[in-house]
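Listed here are the chains, written in short residue letters.
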Amino acid sequence: MTFTTGDRVRAKSVDPPHHTRLPSYTRGAVGTIVGIQGAHPVPDDVVRGFSAPAETVYAVRFTAGELFGTGDHTVTVSLWQRYMERL
(Lines give C-alpha, C1' and ligand atoms only; values in the text may rest on other atoms or scores of the structure.)
Protein backbone atom coordinates (compact mmCIF):
# COMPACT_ATOMS: atom_id res chain seq x y z
CA MET A 1 0.00 0.00 0.00
CA THR A 2 1.35 3.40 -0.89
CA PHE A 3 0.18 6.80 0.19
CA THR A 4 0.18 10.18 -1.52
CA THR A 5 0.31 13.73 -0.23
CA GLY A 6 -3.07 14.68 1.23
CA ASP A 7 -4.08 11.14 2.25
CA ARG A 8 -5.54 10.86 5.74
CA VAL A 9 -4.02 8.02 7.70
CA ARG A 10 -4.16 6.49 11.13
CA ALA A 11 -0.97 5.52 12.92
CA LYS A 12 -1.34 1.89 13.91
CA SER A 13 -2.09 1.21 17.54
CA VAL A 14 0.56 -1.37 18.30
CA ASP A 15 2.88 -2.00 21.23
CA PRO A 16 5.60 -4.37 20.04
CA PRO A 17 7.96 -6.01 22.55
CA HIS A 18 10.94 -4.29 20.91
CA HIS A 19 12.05 -0.76 20.11
CA THR A 20 10.14 0.90 17.29
CA ARG A 21 10.34 4.21 15.46
CA LEU A 22 6.57 4.62 15.88
CA PRO A 23 6.26 7.17 18.70
CA SER A 24 3.80 6.05 21.37
CA TYR A 25 2.05 9.45 21.35
CA THR A 26 1.06 8.95 17.68
CA ARG A 27 -0.39 5.43 18.06
CA GLY A 28 -4.04 5.43 17.01
CA ALA A 29 -3.95 9.11 16.00
CA VAL A 30 -5.22 10.41 12.66
CA GLY A 31 -2.97 12.61 10.53
CA THR A 32 -2.36 13.76 6.97
CA ILE A 33 0.50 12.83 4.64
CA VAL A 34 2.34 16.07 3.83
CA GLY A 35 5.42 14.68 2.11
CA ILE A 36 7.35 11.66 0.94
CA GLN A 37 10.87 11.33 2.34
CA GLY A 38 12.23 8.51 0.21
CA ALA A 39 12.77 4.83 0.94
CA HIS A 40 14.94 3.68 3.83
CA PRO A 41 15.50 0.42 5.73
CA VAL A 42 13.30 0.13 8.82
CA PRO A 43 15.59 0.58 11.85
CA ASP A 44 13.38 -1.73 13.94
CA ASP A 45 14.43 -4.61 11.69
CA VAL A 46 18.06 -3.53 11.20
CA VAL A 47 18.88 -3.52 14.92
CA ARG A 48 17.29 -6.95 15.39
CA GLY A 49 19.38 -8.41 12.55
CA PHE A 50 16.46 -8.95 10.17
CA SER A 51 16.56 -8.36 6.44
CA ALA A 52 15.51 -4.74 6.03
CA PRO A 53 14.59 -3.78 2.48
CA ALA A 54 13.96 -0.10 1.90
CA GLU A 55 10.44 1.08 2.75
CA THR A 56 8.86 4.45 2.02
CA VAL A 57 8.98 7.03 4.79
CA TYR A 58 6.28 9.70 4.93
CA ALA A 59 6.00 13.05 6.69
CA VAL A 60 2.69 12.89 8.57
CA ARG A 61 1.18 16.00 10.14
CA PHE A 62 -1.00 15.63 13.23
CA THR A 63 -2.86 18.34 15.10
CA ALA A 64 -1.78 18.81 18.69
CA GLY A 65 -5.40 18.28 19.71
CA GLU A 66 -5.36 14.83 18.08
CA LEU A 67 -2.12 13.85 19.79
CA PHE A 68 -2.36 15.55 23.16
CA GLY A 69 -6.00 16.60 23.56
CA THR A 70 -5.18 20.29 23.45
CA GLY A 71 -3.13 22.86 21.53
CA ASP A 72 -3.55 24.80 18.31
CA HIS A 73 -0.29 23.77 16.64
CA THR A 74 0.68 20.78 14.51
CA VAL A 75 3.36 18.12 14.87
CA THR A 76 4.97 16.48 11.84
CA VAL A 77 6.48 13.03 12.30
CA SER A 78 8.42 10.79 9.89
CA LEU A 79 6.69 7.41 9.72
CA TRP A 80 7.52 4.28 7.76
CA GLN A 81 4.72 2.90 5.61
CA ARG A 82 4.18 -0.16 7.86
CA TYR A 83 3.17 2.09 10.75
CA MET A 84 0.07 3.49 9.03
CA GLU A 85 -3.30 2.49 7.66
CA ARG A 86 -5.43 4.42 5.20
CA LEU A 87 -8.72 5.85 6.43
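Above this text you will find the structure in question.
Residues numbered from 1 in each chain as written. Predicted model: local features only at pLDDT ≥ 70, side-chain atom pairs only at ≥ 80, totals over all residues. Heavy atoms only, no water.

Colleague: Please explain the overall build of the protein chain as it appears in this structure.
Modeller: Assigned secondary structure in the protein chain consists of two helices and five strands. Along the protein chain, helices and strands appear, N-terminal first, in the series β-β-α-β-α-β-β. The C-alpha radius of gyration of the protein chain comes to 13 Å, within 12% of the 12 Å expected for a compact globule of 87 residues. C-alpha extents for the protein chain along the principal axes are approximately 40 × 25 × 20 Å. Summing over all exposed atoms, the protein chain offers an accessible surface of approximately 5,000 Å²; the carbon and sulfur share of this is 52%. Here the protein chain holds 9 positive side-chain charges and 8 negative ones, and the gap between their average locations is 2 Å. (Helix = DSSP H or I, 4+ residues; strand = E, 2+ residues; numbered from the N terminus. Rg over C-alpha atoms; globule rule 2.2 N^0.38 Å. Areas by Shrake-Rupley, 256 points an atom, 1.4 Å probe, with all protein chains shown as cover. Lys, Arg positive; Asp, Glu negative; His and termini not counted. Charge placed at Lys NZ, Arg CZ, Asp CG, Glu CD.)

Colleague: Honestly, the nonpolar core in this entry has me stumped. Any pointers?
Modeller: One recurring pattern in soluble globular proteins is that nonpolar side chains are buried together. Grouped together as the largest cluster of nonpolar side chains are 18 residues, with contacts concentrated most on Ile33, Val60, Phe62, Leu79 and Met84. Elements with a contribution of two residues or more to this core: β1 (8–11), β3 (54–63) and β4 (74–80). Here leucine 79 is in contact with Arg21, Leu22, Pro23, Thr56, Val57, Tyr58, Val60, Phe62 and Met84, once residues within four sequence places are set aside. (Core = buried A, V, L, I, M, F, W, Y, C linked by side-chain atoms within 4.5 Å. Buried < 20%, exposed > 50% of the residue type's maximum accessible area, 1.4 Å probe, protein only. Contact = heavy atoms within 4.5 Å.)

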